[in-house]
Amino acid sequence: MITVMNRIAVKPEYAERFEERFRDRARLVDEMPGFVSNQVLRPVNPQEPYIVLTLWNSRAEFEAWTHSDAFIQGHARSGSLPKEAFSGPNSLEIHEVFQDSGRPDLAPEPRGEAFKPH
């Protein structure tokens with residue numbers, strides 16, 4: 001299992017529009033093999049980023065998503081907010097789950113190479 005976190009720095013005056021974009025998302029990822037869940041986390045402290053967190057059964061299934069037509073369609077609206085809505089660049093983090101207290105039988109994700117987005 002892996003987690004994928006996209007940290008997105010949104011200026012406060014654009015927060016509601018940003019959240020609305022996720023409420024109305026295409027939901028194409030929900031149908032992808034290996035997809036577990038998608039959470040959008042709102043920052044509590046000022047100047048901290050939103051976090052878009054997805055969980056995947058495996059890295060291979062996540063990477064298949066990033067190369068799919070559904071990925072392109074699902075991200076087609078990602079430019080719907082103006083550049084000034086963001087206070088900095090996005091930061092993508094991928095983590096391999098090697099232990100989960102809620103799933104003691106989970107096989108750890110094998111250690112992989114660095115992810116290279118296309």
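Here is what the cut-offs are and how they apply
Residues numbered from 1 in each chain as written. Predicted model: local features only at pLDDT ≥ 70, side-chain atom pairs only at ≥ 80, totals over all residues. Heavy atoms only, no water. Helix = DSSP H or I, 4+ residues; strand = E, 2+ residues; numbered from the N terminus. Buried < 20%, exposed > 50% of the residue type's maximum accessible area, 1.4 Å probe, protein only. Contact = heavy atoms within 4.5 Å. Areas by Shrake-Rupley, 256 points an atom, 1.4 Å probe, with all protein chains shown as cover. Salt bridge = Lys/Arg side-chain N within 4 Å of Asp/Glu carboxyl O. Pairing = 2+ DSSP bridges. Axes fitted to C-alpha atoms, helices over the stretch in contact; angles between N-to-C directions.

Draft legend 1. Quick peek at the overall build of the protein. Looking only at helices and strands, one finds three helices and four strands in the protein. Secondary structure of the protein in N-to-C order comes out as β-α-β-β-α-α-β. The principal-axis extents of the C-alpha atoms in the protein amount to approximately 45 × 35 × 25 Å. The buried share of the protein, reckoned over its 118 residues, is 32%. Nonlocal contacts in the protein, meaning residues at least 24 apart in sequence, comprise 71% of its contacts between residues at least 6 apart. Counting every atom, the protein has about 7900 Å² of accessible surface; 53% of that belongs to carbon and sulfur.

Draft legend 2. How the structure looks around unusual backbone geometry. The phi angle at Gln47 is positive, at roughly 75°, despite the residue not being glycine. Relative to the helices and strands, Gln47 is located in the loop between β2 (35–41) and β3 (50–56). Using a relative accessible area of 72% as the deciding quantity, one classes Gln47 as exposed.

Draft legend 3. A look at the pattern of salt bridges. With the rule as written, the count across this model stands at six salt bridges. Here Arg23 makes a salt bridge to Glu19, at a shortest N to O gap of 3.2 Å. Residue Arg23 and its partner Glu19 are both found in helix α1 (residues 15–23); the two are separated by four residues, about one turn of the helix. On the accessibility criterion, Glu19 (11% relative accessible area) is buried. Across the pair Arg23 and Glu20 runs a salt bridge whose closest N-O atoms are separated by 3.2 Å. Of this pair, Arg23 and Glu20 are both found in helix α1, three residues apart, which corresponds to roughly one turn of the helix. Bridged by salt links that share partners, the residues Glu16, Glu19, Glu20, Arg23 and Arg42 form one connected network.

Draft legend 4. Here's a closer look at the sheet that holds strand β1 (residues 2–8). Strand order in the open sheet formed by four strands is β2-β3-β1-β4, and the pairing between neighbours is antiparallel. Two strands lie at the open edges of the sheet, namely β2 and β4 (91–96), each paired on one side alone. On average, each strand axis in the sheet is tilted by 15° relative to the strand beside it, whichever way the strands run. When β2 meets β3, the two strands line up antiparallel, connected through six bridges. In the sheet register, Gln39 faces β3, and the bridge partner there is Leu53. Contacts from α1 reach β1, β2 and β3 within the one sheet, and its direction differs from that of β3 by about 20°.

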